[in-house]
Amino acid sequence: MQRWRGLEEIPGDWGRSVVTIGSFDGVHRGHQLIIERVVDRARALGARSVVVTFDPHPSEVVRPGSHPPLLAPQPRRAELIEALGVDAVLVLPFTLEFSQESPEFFVRSVLVDALRAKAVVEGPNFRFGHRAAGNVALLAELGRADDFEVEVLDLQVTGAAGDGEPFSSSLCRRLVAAGDVAGVGEVLGRPHRVEGVVVRGAQRGRELGYPTANVETVPHSAIPADGVYAGWLTAAGEVMPAAISVGTNPTFDGTARTVEAYAIDRVGLDLYGMHVAVDFLAYLRGMEKFDSIDALLERMADDVKQARVLTEPAG
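No experiment lies behind these values; they were computed from the predicted model shown.

Under the defined criterion, the tally for this structure stands at 19 salt bridges. R3 is the salt-bridge partner of E82, the closest N and O atoms lying 3.2 Å from each other. Here R3 lies in strand β1 (residues 2-5) and E82 lies in helix α3 (residues 74-82), a separation of 79 residues in the sequence. For E82, a relative accessible area of 33% translates into the label partly exposed. Of the residues examined, R3 reaches a relative accessible area of 44% and is grouped as partly exposed. Across the salt bridge formed by E149 and R41, the nearest N and O atoms sit 2.7 Å from each other. Separated by 108 residues along the polypeptide, E149 in strand β6 (residues 149-152) and R41 in helix α1 (residues 29-45) bring together distant segments of the chain.

Right, here's the structure in full:
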């Protein structure tokens, strides 16, 4: 898959494209259906499939300070999109100037001149251009004039998560904030992931016999509610079952909120400075302040036992 940042990186001989446009944060199951449709249409039409997204998040540019928690940073998003068979991802730098361009300018500069769109696939609520003035009706009208088709997929992907609410990035963020990582996993079709670099912390876990990777998360990451979780720690391509703690370590009167992962039954790991991923499978309990170190250790042993069982391979 080709990855472009800005229109100038698109090869001049790229050819015709089938395109979808959006933030696609999390690449949840609704997003996946749209992207899979783009790939199928491109193959049927003898064209290339392209996903267009933005960086930074448009809301941060239009309303500074309103950046939503990110379900997946841009590189992770590209990996997930690539796994769906897409030919290229175009990341458009989103600036204040860009946000003020008309819908017609966006269609002409991006879809027609740069990508030579043959078809565009979107959901019914797609908006584009200055003040989100463009909608799918206008897109279809412009497509008739500029030789591309518009297909609107009216998706209502639902499940148990969110009491049957249609799957969306905003639903995922609410579930993450509530610590409902099982629900998020249903919407995403995989466990929710937080990434970052392992940094030195207070090293209490090492002293207690449970050395943890203290993860300095990517800015704006959607971090689950304070508590203890079962999941996995991935470092250098190795996936390790883990017990994960999110919170301020109240037993030690901590104030900084951290994400720490203990790789179960692993000894001698040196992960400092490494970029790692933490996948959240199940919520085990809330964050507690214990009266003694012995009480804390007893509960930690139980947490690890539960996490070990939950992360064991099926069969």
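There's more to say after this.
Note that the residue after D55, namely P56, is joined by a cis bond; omega there is 0°. Looking at the secondary structure, you find P56 in the loop between β3 (48-55) and α2 (58-62). Positive phi, close to 55°, is recorded for A132, a residue that is not glycine. Along the chain, A132 turns up in the loop between β5 (117-122) and α6 (136-146). A positive phi angle is found at H220, which is not glycine, with a value near 70°. With respect to the helices and strands, the residue H220 is situated in the loop between β8 (213-217) and β9 (227-235). H220 sits in the partly exposed class, given a relative accessible area of 42%.

Criteria and thresholds
Residues numbered from 1 in each chain as written. Predicted model: local features only at pLDDT ≥ 70, side-chain atom pairs only at ≥ 80, totals over all residues. Heavy atoms only, no water. Salt bridge = Lys/Arg side-chain N within 4 Å of Asp/Glu carboxyl O. Helix = DSSP H or I, 4+ residues; strand = E, 2+ residues; numbered from the N terminus. Buried < 20%, exposed > 50% of the residue type's maximum accessible area, 1.4 Å probe, protein only.

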